[in-house]
Amino acid sequence: MDHPCVQHKLAIIRDVETGHKRFRELATEITKFLCYEALQNIPTKDITVTTPVGEAKARKIATDLVVVPILRAGVGMLDGILELVPTARVGFVGLFRDEATKQPMTYYERFPPQIKGGTCFVVDPMVATGGSTVAALDLLKTNGADNIVVICIVTCPEGLARVNEAHPDVAVYTAAIDERLDERKYIVPGLGDAGDRLFGTPH
């Protein structure tokens, strides 16, 4: 998303001098812009409402919305979507990386039933290797979701390729596609460890 306001906020959130309070605020603000873009094509229904001076034709969102943050860093994006769509329901996916296999393992999952037939937004600040994102999408689809989008702040070609290979039907909305992954599987130039920067924990 190349909107000047998004790119301006992205420049600040990347800065190593940006503290955790401001980092959280910027994550919320950028998420709002990305969610706004992702919501452009969701279905609506025509209704009529009565104003103080007459009747007006209007439209309302005609699908359930479910936000699914990937724990823990995805929680830092949750408020941004809920401020824009306060009636959205929330599910959670908790994942950790198995040190032997290097594969994401699920330690927590909880979804509202509205993932079936609704529109799901998987949120995580970084889609790096794409492994956690793919695992979350696998879980959602196994539980009946069939209309899913991913919202992240920063990604890279490797992560996008892995998500697209596993789930070509899922759109990814992001503020930046960075250069590459380094040997530690961090996005370069990226944001650093988004979870640590969101919650003020040691790097």
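Remember, it's a predicted structure, so these values are computed and weren't measured experimentally. (Residues numbered from 1 in each chain as written. Predicted model: local features only at pLDDT ≥ 70, side-chain atom pairs only at ≥ 80, totals over all residues. Heavy atoms only, no water.)

Novice: Account for the pattern of salt bridges, naming residues and giving values.
Specialist: Enumeration over the complete set of coordinates arrives at nine salt bridges. Its salt-bridge partner being E25, residue K21 comes within 2.6 Å of it at the nearest N-O pair. With K21 and E25 both in helix 2 (residues 20–38) and four residues apart, the pair spans about one turn of that helix. Classification of E25 by relative accessible area gives partly exposed; the value is 31%. E83 serves as the salt-bridge partner of K32, at 2.6 Å between the closest nitrogen and oxygen. A residue pair is termed long-range when its members are at least 10 positions apart, and K32 in helix 2 and E83 in helix 3 (residues 75–84) qualify at 51 residues. The class of E83 is partly exposed, set by a relative accessible area of 48%. By sharing partners, the salt bridges in this structure join K9, K21, R22, E25 and E29 into a single network. (Salt bridge = Lys/Arg side-chain N within 4 Å of Asp/Glu carboxyl O. Helix = DSSP H or I, 4+ residues; strand = E, 2+ residues; numbered from the N terminus. Buried < 20%, exposed > 50% of the residue type's maximum accessible area, 1.4 Å probe, protein only.)

Novice: I'd like a rundown of a nonpolar patch on the surface, residues and numbers included.
Specialist: The grouping of F96, M105, Y107 and Y108 at the surface amounts to a nonpolar patch, some 400 Å² of accessible area in total. Considering every element that reaches the nonpolar patch, the biggest residue donor is strand 6 (residues 104–110), with three residues. (Patch = residues over 30% accessible without salt bridge, like charges linked within 9 Å, V, L, I, M, F, W, Y side chains within 5 Å. Areas by Shrake-Rupley, 256 points an atom, 1.4 Å probe, with all protein chains shown as cover.)

Novice: So what about unusual backbone geometry? Which residues, and what values?
Specialist: Note the cis peptide between L71 and R72, where omega equals 5°. For R72, the location among the structural elements is in the loop between strand 3 (65–71) and helix 3. Residue P189 is reached from V188 by a cis peptide bond, and omega for that bond is 0°. One non-glycine residue with positive phi stands out, namely K185, at about 70°.

Novice: Outline the pairing of strand 2 (residues 54–61), supporting the account with residue identities and numerical values.
Specialist: Pairing analysis gives eight bridges linking strand 1 (residues 44–51) to strand 2, with the strands arranged antiparallel. Across the sheet, T51 pairs through a bridge with G54, a residue of strand 2. The hairpin turn running from strand 1 into strand 2, its antiparallel successor, is two residues long. (Pairing = 2+ DSSP bridges.)

Novice: Which residues make up the packing of aromatic side chains, and what values do they have?
Specialist: For the coordinates displayed, the defined rule picks out one aromatic pair. Ring geometry for F96 versus Y107: centroids 6.5 Å apart, planes at 40°, classification tilted. You can see F96 sitting in strand 5 (residues 92–97) and its partner Y107 sitting in strand 6, a full 11 residues away along the chain. The exposure class of F96 is partly exposed, given its relative accessible area of 41%. (Phe/Tyr/Trp six-rings, centres within 6.5 Å; stacked < 30°, edge-to-face > 60°.)

Novice: Hey, could you go over the nonpolar core for me, with residue numbers and the actual values?
Specialist: By size, the foremost hydrophobic cluster in this structure holds 36 residues, and its most contacted members are I13, F121, I151, I153 and V154. When residues of this core are traced back to their parent elements, those giving at least two are helix 1 (4–14), helix 2, strand 3, helix 3, strand 7 (119–123), strand 9 (148–155), strand 10 (171–177) and helix 6 (194–199). Top contributing element to this core by residue count: helix 2, with seven residues. Setting aside its immediate chain neighbours within four residues, F121 contacts A38, L39, L65, V66, V67, V68, I81, V149 and I151. Judged by nonpolar contacts, the second largest core, of 22 residues, contains V68, F111, I115 and A145. (Core = buried A, V, L, I, M, F, W, Y, C linked by side-chain atoms within 4.5 Å. Contact = heavy atoms within 4.5 Å.)

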